[in-house]
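Okay, here's what each chain looks like letter by letter:
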Amino acid sequence: MSRKRLTQIFPFLLPFRRWQRKKFFYLQMWKDGCRYAKRAADKSLPYTVFETSIRMLNENSGFDMQYQINKVHNLKLAARTLNRVVIEPGETFSFWQLVRWADREEKYKDGLNLIDGKIAVSYGGGLCMLSDTLFWMFLHTPLTIVERHGHAVKSFPSTEENIPCGTDAAVGEGWLDLKVRNGTDNTFQIEISFDDNDMYGRILSEHDVGLAYSVFNSSVFYRRKGKKIYQIAPVCRRETDSGTGKQTERELYVNQCEIAYRLPDEIKIEEGGVENG
């Protein structure tokens, strides 16, 4: 049995701990020597590198749908700080460098968040849908992933069957960030927009990147350890040269997370341990 954290034993310390973590979190970034992307351009860059969309409301969460509606409000607030931001050569994109003040003028609403491995209602819940979408887009660019954290627990099925398993990105201010670095000589731009049902994302560039990207799972399997079931999903990427048609393929990482909902009966579950990491 894992030891309880001090804030679990004394919950009244949690607000101070959060304040402390945030101060240290941003102090580290101030001292790390990176040049962070913060400028939003008035116009869109000319080339579309990748675009995607995601349905925002999930009827399978098992919670009151009002929290899903609140999530949409929160996503739109946070997206205002990201829309049309450019990532110039040598710059690093940080989710929290841009989103940290999103609720300064208009407050977030209570939504669903993963807290201590369980879904709970909290202020500003649902922002991980935005970081998930950003990470999925970044995987289809030459940008270098600097920091990404997968969700430790998947609490309900995804609304997007066409997106590979393990391509999510958890964020938590003071703890978890999503960062990418532009190590190319090209400039990239983020665009986020909405309609009544979907959130749309695009990565644009100043010059044609000359490559097309395809991200997929080489395999997905499930393994039981004790009373828990884990999903193990290798995430791979295929790069196709637009001029020659030459393809290269490699495994990017192996994602592992606990599955906290009932899997379909036809899915095979292996017995045995789960690797750490």
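Given the structure is predicted, the values throughout are model-derived calculations rather than measurements.

(A) The overall build of the protein, seen in detail. Regarding its fold elements, the protein presents five helices and 16 strands. Against the globule reference of 19 Å for 277 residues, the protein gives a C-alpha radius of gyration of 19 Å, in line with a compact fold. With the principal axes as the frame, the protein shows a C-alpha extent of 55 × 45 × 40 Å. Per-residue burial for the protein yields a buried fraction of 43% across its 277 residues. Surface exposure of the protein reaches about 15800 Å², of which carbon and sulfur atoms provide 49%. In the protein, 39 side chains carry a positive charge and 36 a negative one; their mean positions are 8 Å apart.

(B) Quick look at unusual backbone geometry. Despite not being glycine, R84 shows a phi value in the positive range, around 70°. With respect to the helices, strands and loops of the structure, R84 is situated in the loop between α3 (65-80) and β3 (86-87).

(C) Examining α3 more closely. The terminal C-alpha atoms of α3, which comprises 16 residues, lie 24 Å apart, in line with the 22 Å expected from a rise of 1.5 Å per residue. Regarding α3, the residues found buried are Q68, N70, K71, V72, H73, N74, L75, L77, A78 and A79. Contacts from the buried residues of α3 go to α4 (95-99), β5 (110-115), α5 (128-138) and β10 (188-194). Sitting at the amino-terminal end of α3 is D64, which places a side-chain oxygen 2.8 Å from the backbone nitrogen of Q66.

(D) Spotlight on the nonpolar core. In this structure, F93, F95, V99, L130, L134 and F138 are the most contacted members of the largest nonpolar core, which totals 48 residues. Mapped onto this core, the elements with two or more residues apiece are α2 (14-31), β2 (47-55), α3, α4, α5, β10 and β11 (198-205). Counting residues per element, this core draws most heavily on α5, at eight residues. Beyond its immediate sequence surroundings of up to four residues, F138 is in contact with I87, F93, L143, I145, L178, V180, I190, I203 and R237. Judged by nonpolar contacts, the second largest core, of six residues, contains Y222, I229, C257 and Y261.

(E) Quick peek at the environment of Q20. Secondary-structure assignment places Q20 in helix α2. Assessed through its relative accessible area of 34%, Q20 is described here as partly exposed. Each C-alpha atom of the pair Q20 and G174 lies 8.3 Å from the other, and the pair is 154 residues apart in sequence.

(F) Region of the structure containing the sheet that holds strand β9 (residues 179-181). Pairing is mixed in the open sheet, where four strands are placed in the order β1-β4-β9-β7. Looking at strand neighbours, the two that pair on one side only are β1 (35-36) and β7 (144-147), the edges of this open sheet.

(G) How the structure looks around the packing of aromatic side chains. In this structure the tally under the stated criterion is six aromatic pairs. Relative to Y26, the ring of F25 has its centre 5.1 Å away and its plane inclined at 80°; by these criteria the two rings are edge-to-face. Look at F25 and you get buried, because its relative accessible area is 8%. Relative to W96, the ring of F95 has its centre 5.1 Å away and its plane inclined at 85°; by these criteria the two rings are edge-to-face. In this structure, F95 and W96 share a single accessibility class: buried. In this structure, R100 is placed above the aromatic ring of Y26, and the distance from its NZ or CZ to the ring centre is 3.6 Å. Its guanidinium or amino end placed over the ring of W101, R104 lies 4.4 Å from that ring's centre, counting from NZ or CZ.

(H) Spatial organisation of the side chain of H151. Looking at where H151 falls in the secondary structure, it is placed in the loop between β7 and β8 (153-154). Looking at H151, the relative accessible area reads 17%, which means it is buried. Within the structure, the side chain of H151 is placed 2.6 Å from the side chain of D168, a separation counted as a polar contact. For H151, the contacting residues outside a window of four places in its chain are L114, C128, D132, D168, A169, A170, Q256 and C257.

(I) The environment of K246, seen in detail. Locating K246 in the fold gives a position in the loop between β14 (228-241) and β15 (247-259). Judged by its relative accessible area of 60%, K246 is exposed. Excluding anything up to four places from it in sequence, K246 contacts E239, T240 and D241.

(J) Summary view of the state of the cysteines. Counted under the stated rule, the structure contains zero disulfides. C257 provides the cysteine sulfur closest to C165, a residue in no disulfide bond, and the two sulfurs are 7.9 Å apart.

Rules of the game
Residues numbered from 1 in each chain as written. Predicted model: local features only at pLDDT ≥ 70, side-chain atom pairs only at ≥ 80, totals over all residues. Heavy atoms only, no water. Helix = DSSP H or I, 4+ residues; strand = E, 2+ residues; numbered from the N terminus. Rg over C-alpha atoms; globule rule 2.2 N^0.38 Å. Buried < 20%, exposed > 50% of the residue type's maximum accessible area, 1.4 Å probe, protein only. Areas by Shrake-Rupley, 256 points an atom, 1.4 Å probe, with all protein chains shown as cover. Lys, Arg positive; Asp, Glu negative; His and termini not counted. Charge placed at Lys NZ, Arg CZ, Asp CG, Glu CD. Expected span 1.5 Å × (residues − 1). Contact = heavy atoms within 4.5 Å. Polar contact = N/O pair within 3.5 Å; in protein donor to acceptor, adjacent residues only side chain to side chain. Core = buried A, V, L, I, M, F, W, Y, C linked by side-chain atoms within 4.5 Å. Pairing = 2+ DSSP bridges. Phe/Tyr/Trp six-rings, centres within 6.5 Å; stacked < 30°, edge-to-face > 60°. Lys NZ or Arg CZ within 6 Å of the ring centre and 35° of its normal. Disulfide = S-S within 2.5 Å.

None of the figures reported here should be taken as evidence of function without further support.
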